[in-house]
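Given next are the chains, with one letter for each unit.
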There are 2 protein chains.
Amino acid sequence: MRPRAVLFDVFGTLVDWRGSLIAELTAFGERSAIAADWAGLVDAWRGAYQPSMQRVRSGEAPFATLDALQRESLDGLLVRFGIPGVEEAERDWMVSLWHRLRPWPDSVAGLAALRGKAITGTLSNGHVALLVSLAKTGGMSFDVIFGADIFRHYKPDPETYLGACALLDLAPGEVMLAAAHNADLAAARSSGLKTGFIPRPDEYGPTQHRDLRAEADWDVIADSVGALAEKIG
Amino acid sequence: MRPRAVLFDVFGTLVDWRGSLIAELTAFGERSAIAADWAGLVDAWRGAYQPSMQRVRSGEAPFATLDALQRESLDGLLVRFGIPGVEEAERDWMVSLWHRLRPWPDSVAGLAALRGKAITGTLSNGHVALLVSLAKTGGMSFDVIFGADIFRHYKPDPETYLGACALLDLAPGEVMLAAAHNADLAAARSSGLKTGFIPRPDEYGPTQHRDLRAEADWDVIADSVGALAEKIG
């Protein structure tokens, strides 16, 4: 029953993108004397993420990394939120914030514990360069890094889940996806993978209404990475 | 001058394939009461490696992982070395020995030291599953695993060196290949990468005649992974 490999969704599951970005951008606003709804900008930025990837998934747009997608949506959001005078280099810096998001408090120790029991890895819509940077700046160690640019597909396209299994030379049933998002787990299960749900009720801030609880009988449900490591035995 | 990433050739550079395989196969021979020239078989097996990959590089054969190539050459070599009665499952086990080769004595500590200075990774003709297994069983930690199956090309095809740089979102000049083989370094340099030579004068046994010294002015020459970590500053 113990999976041979546990692959992690990263944004929201292992790192607190929202808290990290709001803190960095609020500090930037103070340094630059730009008063703005930075939290609103961050939420809208994340909101633009799925539609951006959907254009790639549907074939409407060619594959592009998250950096390119985030940069494109940022330009429009700065206008929409009435934030003037942000230089090109500052916009690049804002996109680069996605490369050094803070892990949730349990992520680093939980991953270390799990690594003694299974192959650990990422299976993220981030690209390899971003994921390596997140891991290194956050102190998270993995056995293998899988990002969207290896498969040139975004989750939940089955090419991602099955592509990772193929590269590990494991059957889908030997691999678990661990994620804070029910839709990601549902897609992984459709491809035959095992599923581990780690709810992150603060991912979207105090008014979060999605993914507060398991919406299916996932193979493991655990409230931290460390608890998941314990539960897989 | 310090590279942002150091990617390692693995067979011979980080692990002692010859010593590991001879030890395992000799023990197998004793258990099975099969007297054979196991060292000769191991040398011939490694000798079959380049021609096998060459058929993939030239387009004569479709991409196949090292497991498939090693298994194919093993069948012929068992006949050639007059080794009878090796079952299918034993042949599979022999191929799997390539997944758990002993690191050279300096590899584990050297990689750990280097990881504080640069992104570390593999850039090997092994496939991802094999490399993850080698790393895990040998206690070697990397930031990222690149294997031939990600690129569907074997070194020295430029798709491997440049593909790794692209996935790291780094310019070739920011990435160093570290290898015990002059030809690998020459190909990496042709693609614009930095080069680090770590001679392994015992890789091919006591009569080794190749790669005993640097055949060009590689950017760094070091007699261990730890010495390379020191020299890149």
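Please read all numbers here as calculations on a predicted model, not as lab measurements. (Residues numbered from 1 in each chain as written. Chains lettered and ligands numbered in written order. Predicted model: local features only at pLDDT ≥ 70, side-chain atom pairs only at ≥ 80, totals over all residues.)

1. Topic: the overall build of chain A
Counting its secondary structure elements, chain A contains 11 helices and six strands. Over its C-alpha trace chain A gives a radius of gyration of 18 Å, about what one expects of a compact globule, namely 17 Å for 233 residues. Referenced to the eigenvectors of the C-alpha coordinate spread, the extents of chain A come out at roughly 55 × 35 × 30 Å. The proportion of buried residues among the 233 residues of chain A is 44%. In chain A, 64% of the contacts between residues at least 6 apart in sequence involve partners at least 24 apart. (Helix = DSSP H or I, 4+ residues; strand = E, 2+ residues; numbered from the N terminus. Rg over C-alpha atoms; globule rule 2.2 N^0.38 Å. Buried ≥ 20, exposed ≤ 12 C-beta atoms within 10 Å, placed from the backbone. Contact = placed C-beta atoms within 7 Å.)

2. Some details on the pairing of strand β1 (residues 5-8) of chain B
All names here are of chain B. Every second residue of β1 is oriented toward a common face, with A5 and L7 on one face and V6 and F8 on the other, all of them buried. Pairing geometry for β1 and strand β2 (residues 119-123), over four bridges, is parallel. Paired with A5 across the two strands is I119, which belongs to β2. In the sheet, β1 pairs with strand β4 (residues 175-179) via four bridges, with the strands oriented parallel. Following the sheet pairing, L7 is matched in β4 by L177. (Pairing = 2+ DSSP bridges.)

3. Quick word on the sheet that holds strand β1 (residues 5-8) of chain A
With parallel pairing, the six strands of this open sheet are ordered in space as β3-β2-β1-β4-β5-β6 (chain A). Edge positions in the sheet fall to β3 (144-147) and β6 (220-221) of chain A, since each of these pairs with one other strand and no more.

4. Overview of unusual backbone geometry
Of the consecutive residues A:K155 and A:P156, the connecting peptide bond is found in the cis state with omega at 5°. Mapped onto the elements of the fold, A:P156 is located in the loop between α8 (148-151) and α9 (158-168). With a phi close to 55°, B:D211 is a non-glycine residue in the positive phi region. Following the sequence through the fold, B:D211 ends up in the loop between β5 (194-197) and β6 (220-221). Since 21 C-beta atoms lie within 10 Å of it, B:D211 is described here as buried.

5. Thoughts on the interface of chain B and chain A
Taken together, the contact between chain B and chain A spans 15 residues of the former and 15 residues of the latter. Those elements giving two or more residues to the side of chain B that touches chain A turn out to be α7 (128-138), β3 (144-146), α8 (148-151) and α9 (158-168) of chain B. In terms of residue count, the dominant contributor to the side of chain B that touches chain A is α7(B) (five residues). Of the residues contributing to the side of chain B that touches chain A, the split by class is 10 nonpolar, one polar and four charged. (Nonpolar A, V, L, I, M, F, W, Y, C, P; charged D, E, K, R; others polar.)

6. A word on the domain arrangement of chain A
Residues and elements named next belong to chain A. Its domain assignment divides chain A into domain 1 (5-16 + 101-231) and domain 2 (17-99). One C-alpha centre belongs to domain 1, the other to domain 2; they are set 23 Å apart. The element best represented in the side of domain 1 that touches domain 2 is helix α7 (residues 128-138), accounting for three residues. In terms of residue class, the side of domain 1 that touches domain 2 is built from seven nonpolar, six polar and six charged. (Domains from an automatic or database assignment.)

7. A word on the relation of the copies chain B and chain A
Between the two copies, chain B and chain A, the superposition gives an RMSD of 0.0 Å; the rotation angle is 180° and the shift along the axis is 0.0 Å. The transformation relating the two chain copies, once decomposed into turn and shift, fits a two-fold axis. Within chain B, the C-alpha atom positioned nearest to the axis of rotation is that of B:V144, 3.0 Å from it. Of the interface residues in chain B, 100% have counterparts in chain A that sit at the interface too, so the contact is made through matching surfaces. (Least-squares fit on C-alpha atoms with pLDDT ≥ 70 in both.)

8. Looking at the nonpolar core
One finds A:L168, A:L177, B:L168 and B:L177 to be the most contacted residues of the largest nonpolar core, which totals 134 residues. Setting aside residues no more than four positions away along its own chain, A:L168 makes contact with A:A5, A:I119, A:V175, B:V128, B:A129 and B:V132. (Core = buried A, V, L, I, M, F, W, Y, C linked by C-beta atoms within 7 Å.)

9. Section: helix α6 (residues 107-115) of chain B
Listed in full, the buried residues belonging to α6(B) are B:S107, B:G110, B:L111 and B:L114. The arc that holds the buried residues of α6(B), viewed along the axis, is 100°, so those residues lie on one side. (Arc of directions from axis to C-beta.)

10. Considering the sheet that holds β2(B)
Residues and elements named next belong to chain B. Spatially, β3-β2-β1-β4-β5-β6 is the arrangement adopted by the six strands of the open sheet, whose pairing is parallel. Each edge of the open sheet carries a strand with a single partner, namely β3 and β6. Across two bridges, the pairing between β5 and β6 is parallel. Across the sheet, F197 pairs through a bridge with I221, a residue of β6.

11. So, the packing of helix α1 (residues 17-32) of chain B against helix α2 (residues 38-47) of chain B
Residue and element names in this part refer to chain B. Where α1 meets α2, the closest approach of the two axes is 9 Å, and the angle between their N-to-C directions is 135°. Judged by the angle between their axes, α1 and α2 are oblique. By crossing handedness, the relation of α1 to α2 is classed as right-handed. In this structure, α1 contributes W17, R18, L21, I22, L25, T26 and G29 to the contact, and α2 contributes W38, A39, L41, V42 and R46. (Axes fitted to C-alpha atoms, helices over the stretch in contact; angles between N-to-C directions. Parallel < 35°, antiparallel > 145°, perpendicular 65-115°, else oblique. Left-handed = near helix turned anticlockwise from the far one by under 90°.)

12. Section: the confidence of the model for chain A
Caution applies to low-pLDDT parts of the model: their predicted coordinates are not meant to be read in detail. Averaged over chain A, the pLDDT score is 96; the fraction of residues at 70 or greater is 100%. The ipTM value of the predicted complex is 0.95, and its pTM value is 0.96. (pLDDT = per-residue confidence, 0-100.)

13. Side note on the environment of A:L21
All names here are of chain A. With respect to the helices, strands and loops of the structure, L21 is situated in helix α1 (residues 17-32). What makes L21 buried here is the crowd of 22 C-beta atoms within 10 Å. Here the alpha-carbon distance between L21 and G233, two residues 212 residues apart in the chain, equals 35 Å. When sequence neighbours within four positions are dropped, the list of residues in contact with L21 reads V42 and L97.

14. Comments concerning the packing of helix α4 (residues 66-80) of chain B against helix α5 (residues 88-96) of chain B
All names here are of chain B. The interhelical angle for the contact between α4 and α5, taken along N-to-C directions, is 130°, at an axis separation of 10 Å. In terms of orientation, α4 lies oblique with respect to α5. Considering how the two elements wind past one another, α4 and α5 form a crossing that is right-handed. Counting all contacts with α4, which are made through D67, Q70, R71 and L74, the residues of α5 involved are R91, M94 and V95. When its residues are assigned to classes, the contact of α4 with α5 shows three nonpolar, one polar and three charged.

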